[in-house]
Amino acid sequence: MADIVATNFNLFYGDFQALKDINMTLKERQLTAFIGPSGCGKSTFLRSINRMNDLIENVKITGSLIMGDLNIIETNKLSVLRKRVGMVFQKPNPFSMSIYNNVAYGPRTHGIRQRAVLDELVEKSLRSAALWDELKDNLHKSALSLSGGQQQRLCIARSLAVEPDVLLLDEPTSALDPVSTAKIEELLEEIKTEHTIVMVTHNMQQAARISDRVAFFLSGELIEMGDTYQIFSQPQKEKTSDYITGRFG
Amino acid sequence: MIPIRKKLWIGFLYLLVILAVLLVIGVLGLIFFDIISKGIQGVNRVFIVNTIPILWNTLQLIFFTFLFSVPIALMAVLYLVEYAKAEWFVKLVRFASGILAGVPSIIYGLVGMGLFVRMFGLGLSLYAGALTVGLLILPMLIRAFEDAIRAVPSTYKSAALSLGASQLRALFTVVLPSARTSLLSAIMLALGRVVGETAALILTLGTANALIRSIWDSGRTLSLNMFVLAKESISLTEAYASAMVLLLMVFLINMIANLLTGDGRHG
Ligand SMILES: Nc1ncnc2c1ncn2[C@@H]1O[C@H](COP(=O)(O)OP(=O)(O)OP(=O)(O)O)[C@@H](O)[C@H]1O
Ligand SMILES: [Mg+2]
């Protein structure tokens, strides 16, 4: 495992510059929260870390983004990168297959075929996502029959099953009720001992509750980054304090 | 409160809708009743002995037609949806298949005869017939497959890619399986065209009264049989009995296909 380091990172959608000269370090085994008003580039930066921006046409990138020995921008082994950097999306998106096959999808993609190994990975991942006890007797039910909160935890389990170092989450609880949200926050705090976690959130309380560090973005720039307590109690920049006290955004 | 005039108007529209539904059900019922009541009289030993090879011919035509057209349609659509970069090209293909879907089947028959039967020297055969009908249903398959695949949420694909799957693996293990029900209904719709086709087949498959034993053989399908029987006034009751067999066959194929795709519980 290693820190993720961005240096002079710029991203353009065609002529539009969505990220401007980002310099930041995402520390390993910590939960970093990205905050900032809509359209400031949080998702764009998140998607850069596992190269999901490759799907969008006319994206141009300059600068560097490195994780240990892996040059994220330049690698052509996307499958290897994405095995190390998993992603959970805003809307729960389980496949229309059984719960078991959802979780086993990633490991199978990376060539694991033995039933015993898959069984073990599925159980371990579902346990990490606090779903095992609820679902262990129904592993062959369709994943689409689960509740929204369960679906999102299933998506987290699915990502964990490939044993990534990093987990990226883009507003993972914004479509969920408070109880499901609490469960996800709890499980994130548990898994961060073994994973580097980066989460986008619009919920200041959430960021304050579970993150170790906070990065505040505004119009494509990283305005301020620091320990969560420091950002919320004594922000260095006026824009940061304006935002977290709700004066705009 | 809804004003009385609006209420009357809504009531009137409602009545119209019910009438339309009754009309559709009525016409369908009439067709079924007509075919089955007349068809059942034509069923006897001779009919059964005559019909078994024709039924088998029909099934073979269906099989080979789909064997040619479904993979091509699927690959064309995957290319259009996933790989084609130029918007104008996608539009052009869509426009062309829209036009081609409306071309009368006799024209496909002529082209099939000129191309497959004569030029490629396949003769009047199952080969030429299946290729021609395959070509005929290609545009409608392409359109319906495209709709089916575009209806799959893009988030499924993103999820698969984010787990390290290649584009191709995401397509074949996630996107296509998610679209299977609509892909199948597209095929079932095309099935109607295949079993009902006569004009294009007369010119390519021929109407030999024989069992098709190889792809090079000519032979008649149920629809062709009905056409010949009715046209030459050989036996109208036998034509009706053939129609009944055709209806039952289409019904059965639909049922089996639905059972096979299931309701998506076990992926
Ligand atoms: N595919 C794209 N093509 C062009 N511009 C884009 C694209 N995706 C995002 N943008 C633009 O880039 C900027 C950053 O978008 P991004 O989605 O990263 O914001 P965000 O901080 O995640 O916002 P939100 O909080 O609403 O999710 C926005 O101005 C957006 O309009
Ligand atoms: Mg976003």
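Remember, it's a predicted structure, so these values are computed and weren't measured experimentally.

About the thresholds
Residues numbered from 1 in each chain as written. Chains lettered and ligands numbered in written order. Predicted model: local features only at pLDDT ≥ 70, side-chain atom pairs only at ≥ 80, totals over all residues. Helix = DSSP H or I, 4+ residues; strand = E, 2+ residues; numbered from the N terminus. Buried ≥ 20, exposed ≤ 12 C-beta atoms within 10 Å, placed from the backbone. Contact = placed C-beta atoms within 7 Å. Rg over C-alpha atoms; globule rule 2.2 N^0.38 Å. pLDDT = per-residue confidence, 0-100. Pairing = 2+ DSSP bridges. Axes fitted to C-alpha atoms, helices over the stretch in contact; angles between N-to-C directions. Near = placed C-beta within 6 Å. Nonpolar A, V, L, I, M, F, W, Y, C, P; charged D, E, K, R; others polar. Expected span 1.5 Å × (residues − 1). UniProt positions renumbered as here; feature names shortened; annotations may be inferred. Core = buried A, V, L, I, M, F, W, Y, C linked by C-beta atoms within 7 Å.

A. Broad picture of the overall build of chain B. Scanning chain B for helices and strands turns up 11 helices and zero strands. Each helix (α) and strand (β) of chain B, taken in turn from the N terminus, gives the series α-α-α-α-α-α-α-α-α-α-α. When its C-alpha atoms are laid out on the principal axes, chain B stretches across 65 × 60 × 40 Å. Residues counted as buried form 36% of the 267 residues belonging to chain B. Of the contacts made within chain B by residues no fewer than 6 positions apart, 76% connect residues no fewer than 24 positions apart.

B. Quick peek at the overall build of chain A. Within chain A, the regular secondary structure consists of 10 helices and 10 strands. Whereas a compact globule of 249 residues would reach a radius of gyration of roughly 18 Å, chain A reaches 18 Å, a difference of no more than 12%. For chain A, the C-alpha atoms occupy an extent of roughly 55 × 40 × 30 Å along the three principal directions. Here chain A holds 249 residues, and the buried ones make up 46% of them. The long-range share in chain A, meaning contacts at least 24 apart out of those at least 6 apart in sequence, stands at 68%.

C. The confidence of the model for chain A, seen in detail. Chain-level pLDDT for chain A is 93 on average; 99% of the residues reach the 70-or-more range. Considering each helix and strand of chain A separately, the mean pLDDT is smallest for helix H10 (residues 238-244) of chain A, with a value of 90, and largest for strand E8 (residues 196-200) of chain A, with 97.

D. Broad picture of the environment of Leu203 of chain B. Residue and element names in this part refer to chain B. Position of Leu203 among the secondary structure elements: in the loop between helix H9 (199-202) and helix H10 (222-231). A tally of 22 C-beta atoms within 10 Å means that Leu203 is categorised as buried. When the C-alpha positions of Leu203 and Ala144 are compared, they lie 27 Å apart, and in sequence the two are 59 residues distant.

E. The arrangement of the sheet that holds strand E3 (residues 31-35) of chain A in detail. Residues and elements named next belong to chain A. Strand order across the open sheet formed by six strands is E6-E7-E8-E3-E9-E10, with mixed pairing between neighbours. Whereas interior strands pair on both sides, the edge strands pair on one side only; in this sheet they are strand E6 (85-88) and strand E10 (221-227). Here the average twist between neighbouring strands, direction ignored, is 15 degrees. Judged from the five bridges that link them, strand E7 (residues 166-170) and E8 form a sheet pairing that is parallel.

F. Spotlight on the site of ligand 1. Neighbouring residues of ligand 1: Tyr13, Phe16, Ala18, Gly36, Ser38, Gly39, Cys40, Gly41, Lys42, Ser43, Thr44 and Ile56 of chain A. Tallied by class, the residues present in the shell around ligand 1 amount to five nonpolar, six polar and one charged.

G. Here's a closer look at the interface of chain B and chain A. Facing the 16 residues of chain B at the interface are 23 residues of chain A. When contributions to the side of chain B that touches chain A are tallied by element, the ones reaching two or more residues are helix H6 (154-162) and helix H7 (167-178) of chain B. Looking at side-chain class alone, the side of chain B that touches chain A contains five nonpolar, nine polar and two charged residues.

H. Fine view of helix H1 (residues 4-42) of chain B. Taking 1.5 Å of rise per residue, the 39 residues of H1 of chain B would be expected to cover 57 Å, and the 57 Å separating its terminal C-alpha atoms lies within 8% of that figure. Burial analysis of H1 of chain B places just two of its 39 residues in the buried class, which makes it a mostly uncovered element.

I. Broad picture of the pairing of E3 of chain A. All names here are of chain A. Of all the five residues making up E3, five are buried; the element is thus mostly covered by neighbouring parts of the structure. Across the two faces of E3 the burial is the same, with Leu31, Ala33 and Ile35 and Thr32 and Phe34 all buried. Where E3 meets strand E9 (residues 213-218), four bridges bridge the pair, whose relative direction is parallel. Paired with Ala33 across the bridge in E9 is Val214.

J. Just the UniProt feature "transmembrane region" (unreviewed entry) in chain B, in detail. All names here are of chain B. Under the local residue numbering, the UniProt record ascribes the feature "transmembrane region" (unreviewed entry) to residues 12-33, 54-81, 93-117, 124-145, 198-216 and 239-260. Taken end to end, residues 93-117 is 88% helix and 0% strand, and its first and last C-alpha atoms sit 27 Å apart. Between the C-alpha atoms that bound residues 239-260 the distance is 32 Å, and the span itself is 100% helix and 0% strand.

K. Highlighting the sheet that holds strand E4 (residues 59-67) of chain A. Residue and element names in this part refer to chain A. Strands sit in the order E2-E1-E4-E5 across an open sheet of four strands; the sheet is antiparallel. Across the chains shown, the open sheet's two edge strands, defined by having one partner strand only, are strand E2 (16-26) and strand E5 (70-71). Summarising the sheet, strand E1 (residues 4-13) and E4 pair through eight bridges and their orientation is antiparallel. Opposite Leu11, over in E4, you have Ile61 as the bridge partner. Here helix H1 (residues 42-49) sits on the sheet and contacts E1, E2 and E4; the angle it forms with E2, its principal contact strand, is near 60 degrees.

L. Structural view of the UniProt feature "domain: ABC transmembrane type-1" (unreviewed entry) in chain B. The residues that UniProt annotates with the feature "domain: ABC transmembrane type-1" (unreviewed entry) are residues 55-257 of chain B. Secondary structure content for residues 55-257 of chain B is 78% helix and 0% strand, while the C-alpha to C-alpha distance between its ends is 18 Å.

M. Spotlight on the nonpolar core. The biggest cluster of nonpolar side chains holds 129 residues, and the ones touching the most others in it are Phe34, Ala157, Leu168 and Val198 of chain A together with Leu141 and Phe145 of chain B. A per-element tally of this core places helix H5 (residues 126-150) of chain B first, with 17 residues. With sequence-adjacent residues up to four places away left out, Val198 of chain A is seen in contact with Leu26, Thr32, Phe34, Leu46, Ile49, Val166 and Leu168 of chain A.

N. Quick peek at the UniProt feature "domain: ABC transporter" (unreviewed entry) in chain A. Residues annotated by UniProt as "domain: ABC transporter" (unreviewed entry) correspond here to residues 4-244 of chain A. Between the C-alpha atoms that bound residues 4-244 of chain A there is a distance of 25 Å. The span itself is 38% helix and 27% strand.

O. Molecular detail of the environment of Ala159 of chain B. All names here are of chain B. Residue placement: Ala159 occurs in helix H6. Residue Ala159 is classed as buried on the basis of its C-beta count, with 26 C-beta atoms lying within 10 Å. Placed 16 residues apart in sequence, Ala159 and Arg143 show a C-alpha to C-alpha distance of 26 Å.

P. Structural detail: the environment of Phe34 of chain A. Residue and element names in this part refer to chain A. Here Phe34 shows up in strand E3. For the pair Phe34 and Tyr229, spaced 195 residues apart in sequence, the C-alpha to C-alpha distance is 14 Å. Those residues in contact with Phe34 that sit more than four places away from it in its chain are Lys42, Phe45, Leu46, Val198, Val200, Ala215 and Phe217.

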